[in-house]
Each structure stands twice: as structure tokens, then as C-alpha cells.
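Residues per chain are reported as follows:
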Amino acid sequence: MKACPNHAIDVRGYADFAPMGHSVRVRREEEKGTISWRIKFRNGTEKNFVSPITTKPWGKFIPKLAEEDKPNQGEITTQRLYTEPKGLNIDGDLPTVSKDSFKKGVYY
Amino acid sequence: MAKVKTHVEESDILIIGGGMAGTGATFEARHWGRDLKIVCVEKANIDRSGAVAQGLYAINCYMGMQWNENQPEDHVRYARNDLMGMVREDLGYDMARHVDSTVHMFDEWGLPMMKNEKTGRYLREGKWQIMIHGESYKPIVAEAAKKSANKIYNRIMITHLLMDDEKENRIGGAVGFNMRTGDYHVFKAKAVIVAAGGASHIFKPRAVGEGMGRTWYAPWSNGSAYALPIAVGAKMTQMENRIVLCRFKDGYGPVGAYFLHLKTYTQNANGENYEKKWYDQTKSLVGEYIDHHPTPTCLRNHAFIQEVQAGGGPIHMVTKEAFQDPHLETVGWENFLGMTVGQAVVWASQNIDPKYTNPELTTSEPYVMGSHATCSGAWVSGPEDLSPPEYFWGYNRMLTVDGLFGAGDTVGGSAHKFSSGSFTEGRLAAKAAVKYIEDKKADGIKVSDKQYKDLKEVIYKPLENYTVGRNEITGGTVSPSYISPIQGLQRLQRIMDEYVGGIATNYMTNENMLNRGLELLKWLEEDLENVGAEDYHQLMRAWELKHRTITSQCVTEHTKFREETRWPGYYYRGDHLKLDDDNWHCLTVSRRDPKTKKFTMEKVPVYHIVDEKKEKKAS
């Protein structure tokens, strides 16, 4: 269905369960940031839908990590990932659980 | 054979598979390993590959810790409950505490998130799900991986892992071939992250005509996530825990948004709520688990299956009420258009307008998908701060083979990761892989020319089988000496369907059937030495089949080992129909000896790192 994502294409359903006479047409437009659909039923009913595919200019807000700040010394030994803990939008550091509370093989 | 070109690529971190987990790993590896060489290899093209290739209408795993909507321990309780008590809670908690930072990045990158106009929060579909316009989810995420990788190889299928010739049980890389050019590719690496796809269509699917192998769940996921580690002797866990999905009939459109957001509900053909009819019967099988909230998915499936068997079908989703609201009608249609367009096609073809007709539901053939709602996958180390001693051996998400890491479908025990959790798990594996290299654990790896040259002979053999075998044909296309990949696949699917709990037996199996299944699988394995491929595309099909077969053997061994019915609605052990907490409140772990090809099984304790108390209050 997405073999040709930038141009309108028609699809028909698989013959082992889809009666003929219907179509679903799709057109994806990266510059407009939208995808449009036209559904035609076997009985002629038609429905149209449009959805956004992105909120930003294509690819512009995706970082190139090789050019970003390097991780701090020793951070590799912590549990934090890139952008964390700031990127979690929470107060404090990553949550964890005390091993004292672990229970082996009990039935919850 | 001599004409096949060989390319040797040396890298630090090799990522196998460029789906959500693989792109997460590729992206994060660059942050921690600035000077490392990072290579990602994908069977399709990473812009449209993996389970999110076609798009996705919801992110199924988001905590919302910033608004205290959920905390990681809540997700552990949820996944544990849904899987009838059996999860690796350390892995689940670890994924859950990081997943929000992943989702926040997707938002920044341009993924259209639906937001609640009043609160500004992400619009919830359910307790864990947030709604997106996700037709281009995968191309957006792929862009991030492309910016981090030294090189991305598309159209290469990885068939085998390479092992270090110097130190036992240490990884050395992987090999595969380009299905367009036919070239042989050798990837030597210090650490390897398997982020390949789980196992679709190892069981006979309901669609056996034109739709065969083309109907969701991700049909190109051929079990490489499992076959690659199994083949080198990595331990696997919970491989018996396949899923049967309750879906809209024929197109397999997901029901999540319908149940959770549109508030549609199911009924039998007589308009009755059939689920409560099966309460007592289910309780006699699983005891108090039926009283858990929310009802575990397998038990809802169980009621569905019983009701259809008792003659109450077809089961319908009641959409006529919700679809009177034009906004909800739009949500209902767009849900499929940006994710499973085939379901919209089916409805259009069968004149099913959910505003006027309640669509039919079905239960699918079984799938083995460690990132979705099953715990199947590799037995991996957890994080240092969360894992009990049995679950920790140095590096987060490292398998029982040194330097071999996993993420997404590959990792067992951590169900309900879905797209965002798989990307997050890729990030976790990548950071650990960088640390593994920094700790000099990968020094002195030697992969001999002989190792990869021998594998080359094995990989291209199906082409030779075809070329030689076709000489025996005097009329038609049938050779006495080879079978085609599609013929082998049909045999595999039939064995799994009839003996290991597929749709033919209404998901029923027992020890005798499993033993027979194993015998037939062994013969299939032997016959696959004689599979014939007429071109490189068929060569890919041949290797997909081999990966599916070894995965199926592991699934069958596990199903035989667990002598209880832990998940009625997913499968039934007719000889042990009841859930048995006294003997089976544990995880199952297997290992296949690469030399003898024999599986050994063991029980491993399940640890509960989160208590139950708050769960009751929350529900």
C-alpha cells in the first residue's frame, strides 16, 4: 500500500475475503504535511478523511547527536538515557525500587 | 557461487533490524559512543520497516509521570496482571521509567500528538495509550536513526550471527545477503544488538488465499528476533506465551481504540453480553485470576472462543451508538487508515459502515511477539539497580551470549512495550553495548575467514538446490529433489496449527500432539536442507522459513514443558487444563545446543519487585 508513498495510489482488497467494486485511494504530501484518503464502498458510499503526518518541517527538529553536548564523565555508569532526567519532565531523578522489597515466587 | 561478491564491514556496534527497537538503539548508541562505528542492517528500508511501517494511531505505552497519571510500578502491575503473573518485573519497570523521555522526543521531532484542549495533556485513549496521527511515525523515527548511524544498510537479510573464534560464547558479528544484488555481506562487530522482528505466521493464518501472509500482524516479521539468538545457543524464556488477538474480522484491524476511546463493546449474535456467561467456567480453570481488574486479555479471549464454540457467534462490536457522533466516526475510520488500511478496505468491500452495521470480530491465529502482549523472547540481564541476582550478569539487555544484546521483540519477559517501549529498550541496549565496549570486554575478538566462508556455502545453498534440482524436471514445475519456500511454509503452518494449538483445534494441544509436532518439525528442518530458491527474493523466503522453523521448535518445546494452562484463550493444554500456581508460578527458560540441536528446559523463579497493595486502590 505504501510502495509509492508520495503519489496517489488505489488499492483493492485481497480476493479471498474482499468482494470487488470498492476502492481506497491515498495521497501523501510531505510538503503539506498531510495524508488524504478517499474510501468508496461497493454500494457507492463515499467517505473522505485528511490527517496531519507531521507538525514540523520534515526532519528539521531531529538532532544529530554527534554534534550535541557529550555525556558527562561517568554518566555511562548511571541508569540515565539521553535527555534524562530533564526529558522526563519530572522533579528529581529516575525512579527506582529498593531491592529489599523483592519477593521471590509469591502469587500476585 | 564464485560470482557472488563478498563485502566485509567492520564496526563497533551492529544493530540487526531497523524497526522501532533498532532505530532506538542506533539513535542512542551515538550519544554514548561518539567515536564508535555504528551500523544498522535492515531487511526492508528503514523508512517503512518493522511493525510500525504502515503507521500507528496510538502510542500504547506512555506513563505520564509528569502529571502523575501512572508510575512505572503501575505498569508492572498492569503487565503482570495481563500475563497471569508471569513477567520480568525488573525489565518492565526499567522500560516504563524511561519511556516518557522517548515519547517527549517524538513530540519534539514532529510526530502529531493529539492533545486535550483543556488540560494540554496528551489525549488518552486508555490508561496507557495516547492518541497520535501516526501515518508517518516510522519515517520520522527513521530520520533520527539515519542521523546517528555511520551506515544504514537496507535490503539485507541477516541469516546468522558470527561468534568469536578465540573466546567461547562471545559474539563476533553477523552475516547476510542483499536480496536485490545477491551480494554476501559480512559484518564484524564488537557488540551486536538483535532488534529483528518477532514471529508472524508460524501458525496457519485464517487467510490462505491472496491475503495469506499479507494480513496483519506485521507479516514480514519472520522470527529472526528469536532464530538468530537460538541458533548460537542463547537462552530463551516464555516462548510458549503466544498471543491470539481479538480483531475485526478479515482485515485484523485492532480493537484498542474502539474499546477504550470510542467505548464500543462486544455482544453475541443475539445481542447478549456473553462474557459474564462464562465467568463460572473460567473461574473453574484459573481461580481468582478471573476477578482481577482489568480482566486479563486471554480470559476475555477465552469467553469469546467458548461463546463461538457454543453457537453464539458471530461476535459483533457494537459501533452503531458511538458512530452517531461525527467526531468519533472520524476517529474510528482514521484509526485504520493510518495504521491498518486493509481493515478500511474490507469494510468498504463488504459495505460495512459501522454507523449502521455492527462489524464482526474474530480471534486470530497465534503470534509470538515479545514487544506486544506476550513475554516470549531472549533471557536477558536486567539493569543493575532493579534486578535480583538470577536476573543480572553485568550489562542491561545482554543475552546469555557475551556481547549479544536484544531489544523489542527479541527480549523476553517484558511485554506491553509496543512502539515507544521498543524504541526505549533499543536505547537501553545501546547504552549497555557502549559500556561493554568501553569496559574492554570486546577486545581481541577474532572471526576467521573460514567461519564466514563456510556460512556463505550454507546461505546460498537453496539457489544451488534449485539449479541442480530443476534439471530433473521433464514437465511442469515439480522437482523430486527440492521443495519451494512457500511449500515449506505451508507445511510448517499446518504442523503448528494442528499440533501446537492453532485455529484448527480451537487453540487446543496436549503432550502427545506436541511430541508429534516436534517429530514433524524435525523432518521439516531436515527437508529445509533441500529447499530450492529460484532467485534472491526466494532465497530470502527460504531463510525466513528457516528462521520461522527454529522459532517454532522452541515454541513447541516450551509449550510441552509448561504442564498447565496458564493463559486460556491463548492456548490450552488439554492434559493440564487448569492453571497450576503450585508448580508453575515460574518462568520457563530454554537453551538449544548449537552442536546437537537439542533443547534443554529449566524453571527460573519469578520475582515480584512491586507489591500489590496500590493496585487494589487504583482499581
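Shown above is the structure to which this text applies.
Described below are features of the structure shown in this document. (Residues numbered from 1 in each chain as written. Chains lettered and ligands numbered in written order. Predicted model: local features only at pLDDT ≥ 70, side-chain atom pairs only at ≥ 80, totals over all residues. Heavy atoms only, no water.)

As a further point, take the overall build of chain B. Helix and strand content of chain B: 18 helices and 20 strands. Compactness check: chain B gives a C-alpha radius of gyration of 23 Å against a globular reference of 25 Å for 619 residues, within 12% of the reference. In chain B, buried positions account for 67% of the 619 residues. When contacts within chain B are restricted to residue pairs at least 6 apart in sequence, long-range pairs at least 24 apart make up 76% of them. Within the structure as shown, chain B displays about 20,400 Å² of accessible surface, and the carbon and sulfur contribution to it stands at 48%. (Helix = DSSP H or I, 4+ residues; strand = E, 2+ residues; numbered from the N terminus. Rg over C-alpha atoms; globule rule 2.2 N^0.38 Å. Buried < 20%, exposed > 50% of the residue type's maximum accessible area, 1.4 Å probe, protein only. Contact = heavy atoms within 4.5 Å. Areas by Shrake-Rupley, 256 points an atom, 1.4 Å probe, with all protein chains shown as cover.)

What follows concerns the overall build of chain A. Helix and strand content of chain A: 0 helices and 5 strands. Over its C-alpha trace chain A gives a radius of gyration of 25 Å, far above what one expects of a compact globule, namely 13 Å for 108 residues. Across its three principal axes, chain A shows a C-alpha extent of roughly 65 × 50 × 25 Å. In chain A, which comprises 108 residues, the share counted as buried stands at 35%. Partitioning the contacts of chain A with sequence separation of at least 6, the portion at a separation of at least 24 is 6%. When the accessible surface of chain A is summed, it comes to about 6,700 Å², and 49% of that surface belongs to carbon and sulfur atoms. In chain A, the 19 positive side-chain charges and the 14 negative ones have mean positions that sit 8 Å from each other. (Lys, Arg positive; Asp, Glu negative; His and termini not counted. Charge placed at Lys NZ, Arg CZ, Asp CG, Glu CD.)

This part takes up the pattern of salt bridges. Residue and element names in this part refer to chain B. For the structure on display, the rule yields 50 salt bridges over all chains. Salt-bridge contacts for Lys235 lead to Glu602; the nearest nitrogen and oxygen are separated by 3.1 Å. Note that Lys235 is positioned in the loop between helix H5 (224-231) and strand S9 (236-237) and Glu602 in strand S19 (residues 599-605), a separation of 367 residues in sequence. A salt bridge links Arg516 to Glu519; the nearest nitrogen and oxygen atoms lie 2.8 Å apart. Of this pair, Arg516 and Glu519 both sit in helix H15 (residues 511-527), 3 residues apart, roughly one helical turn. (Salt bridge = Lys/Arg side-chain N within 4 Å of Asp/Glu carboxyl O.)

Moving on to the packing of helix H1 (residues 20-32) of chain B against helix H11 (residues 418-438) of chain B. Residue and element names in this part refer to chain B. Where H1 contacts H11, the axes come no closer than 7 Å and their chain directions differ by 40 degrees. The orientation of H1 relative to H11 falls into the category oblique. Crossing hand, H1 versus H11: right-handed. In this structure, H1 contributes Met20, Ala21, Thr23, Gly24, Ala25, Phe27, Glu28, Ala29 and Trp32 to the contact, and H11 contributes Ser419, Ser422, Phe423, Gly426, Arg427, Ala430, Lys431, Val434 and Glu438. In terms of residue class, the contact of H1 with H11 is built from 9 nonpolar, 5 polar and 4 charged. (Axes fitted to C-alpha atoms, helices over the stretch in contact; angles between N-to-C directions. Parallel < 35°, antiparallel > 145°, perpendicular 65-115°, else oblique. Left-handed = near helix turned anticlockwise from the far one by under 90°. Nonpolar A, V, L, I, M, F, W, Y, C, P; charged D, E, K, R; others polar.)

To continue, consider the pairing of strand S18 (residues 586-592) of chain B. Each regular strand shows side chains that alternate between the opposite faces of the sheet. Residue and element names in this part refer to chain B. With 6 of 7 residues buried, S18 is to be regarded as a mostly interior element. Inspection of the sheet shows S9 paired to S18 by 2 bridges, in the antiparallel sense. Looking at S18, one finds that Met236 is bridged to Ser590. Summarising the sheet, S18 and S19 pair through 7 bridges and their orientation is antiparallel. Counterpart to Ser590 in the pairing with S19 is Met601. Hairpin remark: S18 followed by S19, antiparallel, with 6 residues in the connecting loop; positive phi at Lys597, about 65 degrees. (Pairing = 2+ DSSP bridges.)

This brings us to the packing of helix H3 (residues 89-109) of chain B against H11(B). Residue and element names in this part refer to chain B. Contact geometry for H3 and H11: axes closest at 8 Å, N-to-C directions at 105 degrees. When the interaxial angle is binned, H3 and H11 end up roughly perpendicular. Seen from H3, the contacting residues are Asp94, Met95, His98, Val99, Ser101, Thr102, Val103, Met105, Phe106 and Trp109; seen from H11, they are Ser420, Gly421, Phe423, Thr424, Arg427 and Leu428. Across the contact of H3 with H11, the residue classes tally to 8 nonpolar, 6 polar and 2 charged.

Our focus in this paragraph is unusual backbone geometry. All names here are of chain B. In this structure, Tyr217 follows Trp216 across a cis peptide bond, with omega equal to 15 degrees. On the secondary structure map, Tyr217 appears in the loop between strand S8 (184-194) and H5. Note that the residue after His293, namely Pro294, is joined by a cis bond; omega there is -5 degrees. Within the secondary structure, Pro294 is located in the loop between helix H7 (279-286) and helix H8 (297-309).

What follows deals with the interface of chain A and chain B. Listed by partner, the interface residues are 69 residues for chain A and 89 residues for chain B. Here chain A and chain B share an interface that buries about 6,900 Å² over both sides, 62% of which is from carbon and sulfur atoms. In this assembly, chain A and chain B are joined by 5 salt bridges. Among the salt bridges present, the one from Lys47(A) reaches Asp353(B), with a minimum N-O distance of 3.1 Å. (Buried area = accessible area lost by both parts, 1.4 Å probe.)

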